[in-house]
Amino acid sequence: MSRLENKVAIITGAASGIGRGMARLFSAQGALVIAVDLAEERLYKTTASITEAGGNVVPVVANITNEDDLDRVVAAAVERGGVAILCNNAGVLDDLTPLGDVTPELIDKVLGVNVKGTALLSQRVLKVMLEAGSGAIVNTASAAGSNGGRGCAIY
C-alpha cells in the first residue's frame with residue numbers, strides 16, 4: 001500500500017509547474033487528487049496525463065479568489081472522502097510591472113491569489129480536517145518572494 005493510498009489531496013495551481021508535479025507525484029503515491037486551476041485547457045491536459053498514467057484525479061476549474069469556487073473545491077473533496085492534504089500552490093507574479101506603473105487592480109490580483117485565496121481555502125479545509133482529526137496544509141512559495149528582483153515590487 002502506498003503512503004497516500006485512499007487519501008484525498010487538494011492541489012491548487014495544478015495545471016502547470018510545481019502544482020502539476022505535485023499532482024502527478026501524489027497520484028502516483030495513491031492519493032485521489034483534486035486538481036485545481038483557473039487555466040482550464042492546461043488543467044484538463046494535466047489531468048488527462050495523470051489518468052493515462054493510472055492515477056486518480058478530479059479536475060476542478062476554479063478561481064481561488066472566488067469564494068463560491070472555493071466552496072466547490074472543498075465540496076468536491078468532501079464528496080470523495082474528505083481532505084487529508086491541502087497544497088496551496090496557486091500563485092501569480094506581478095507581470096514584472098515597475099513599481100511606478102503598478103495599478104490597484106494589479107495589487108488586488110496578486111494579493112487576492114497569493115494571500116487571500118490561500119487563506120480562505122485554508123480556513124475552509126481546516127474545518128474539514130479538524131472534524132476528521134487529522135490533515136496537513138502545505139503552502140509553497142518561490143524564492144522571488146524573499147529575494148526580490150527588478151519588476152517584482154508587488155510580488
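This text gives an overview of the structure that appears in the document. All values derive from a computational prediction rather than experimental measurement.

Basis of the calculations
Residues numbered from 1 in each chain as written. Predicted model: local features only at pLDDT ≥ 70, side-chain atom pairs only at ≥ 80, totals over all residues. Heavy atoms only, no water. Salt bridge = Lys/Arg side-chain N within 4 Å of Asp/Glu carboxyl O. Helix = DSSP H or I, 4+ residues; strand = E, 2+ residues; numbered from the N terminus. Buried < 20%, exposed > 50% of the residue type's maximum accessible area, 1.4 Å probe, protein only. Pairing = 2+ DSSP bridges. Right-handed = clockwise from strand over helix to strand, strands pointing away.

Applying the stated criterion across every chain yields a total of 5 salt bridges. In this structure, the salt-bridge partner of Arg 124 is Glu 67, at a minimum N-O distance of 2.9 Å. With a gap of 57 residues between them, Arg 124 in helix H4 (residues 104–132) and Glu 67 in helix H3 (residues 67–78) connect regions that are remote in the sequence. Here Arg 124 falls in the buried class, since its relative accessible area comes to 17%.

On to the pairing of strand E2 (residues 32–37), then. The buried count for E2 comes to 6 of 6 residues, which makes it a mostly enclosed element. Residues Leu 32, Ile 34 and Val 36 line one face of E2 and the alternating positions Val 33, Ala 35 and Asp 37 line the opposite face, and both faces are buried. The pairing of strand E1 (residues 8–12) with E2 spans 5 bridges and is parallel. Looking at the pairing, Ile 11 lines up with Ala 35 of E2. Following the backbone out of E1, through helix H1 (residues 17–28) and into the adjacent parallel E2, one traces a crossover that is right-handed.

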